[in-house]
Amino acid sequence: MKCIDAIEGTLKNIITKFHQVFIEDGLDDTEYVRNIKIVIDGTDAFLQSNKEIFTEPHMLKQVLYAFSKDLWLKGLKNIRSQELTLDGETCNCENDGFDEYYYDYIYNHGVYPR
């Protein structure tokens with residue numbers, strides 16, 4: 001196993017654990033996204049200063065970002081589906097990309113405007 005594979009696998013596991021806590025404790029979306037950004041940015045800073053480990057740290061940053069966003073989107077879809085099922089309604093979870101925009105905005109700005 002390459003060192004970068006171990007780093008990526010470890011970080012995906014950490015992100016998954018953060019997501020589990022987010023779901024179980026009903027944390028605010030902003031808390032989850034900001035914590036994930038800290039993990040990703042910290043990893044990127046480490047790899048930028050240790051390029052002998054991995055020559056393309058930006059690629060890992062993109063992989064981790066996509067992984068965390070996909071995990072959040074799937075979790076959100078699951079939560080909505082469960083809520084609607086409890087209400088006896090059917091899930092029409094299409095939102096024209098708003099959830100993706102919402103995640104990206106929080107990730108890039110730290111908060112969502114109210």
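This text follows the structure it describes.
The present account deals with the structure reproduced in this document.

Some points on helix α4 (residues 98-109)
Look at α4: 16 Å from first C-alpha to last across 12 residues, which is about the 16 Å you get at 1.5 Å a residue. If you check which residues of α4 are buried, you get Asp99, Tyr102, Tyr103, Ile106 and Tyr107. Axial view of α4: buried residues confined to an arc of 125°, hence all on one face. For α4, the exposed residues set more than 90 degrees away from the buried face come down to Asn108 and His109. Glycine 110, located one to two residues past α4, shows a positive phi value of around 85°.

Points about the packing of helix α1 (residues 3-25) against helix α2 (residues 29-49)
Between α1 and α2, whose axes approach to 10 Å, the crossing angle comes to 165°. Relative to α2, α1 is oriented roughly antiparallel. Crossing handedness for the pair α1 and α2: right-handed. Two secondary-structure elements touch here, α1 through Ile4, Ile7, Leu11, Ile15, Phe18, His19 and Phe22 and α2 through Asp29, Tyr32, Asn35, Ile36, Val39, Thr43 and Leu47. Tallied by class, the residues present in the contact of α1 with α2 amount to 10 nonpolar, three polar and one charged.

Cut-offs applied
- Residues numbered from 1 in each chain as written.
- Predicted model: local features only at pLDDT ≥ 70, side-chain atom pairs only at ≥ 80, totals over all residues.
- Heavy atoms only, no water.
- Helix = DSSP H or I, 4+ residues; strand = E, 2+ residues; numbered from the N terminus.
- Expected span 1.5 Å × (residues − 1).
- Buried < 20%, exposed > 50% of the residue type's maximum accessible area, 1.4 Å probe, protein only.
- Arc of directions from axis to C-beta.
- Axes fitted to C-alpha atoms, helices over the stretch in contact; angles between N-to-C directions.
- Parallel < 35°, antiparallel > 145°, perpendicular 65-115°, else oblique.
- Left-handed = near helix turned anticlockwise from the far one by under 90°.
- Contact = heavy atoms within 4.5 Å.
- Nonpolar A, V, L, I, M, F, W, Y, C, P; charged D, E, K, R; others polar.

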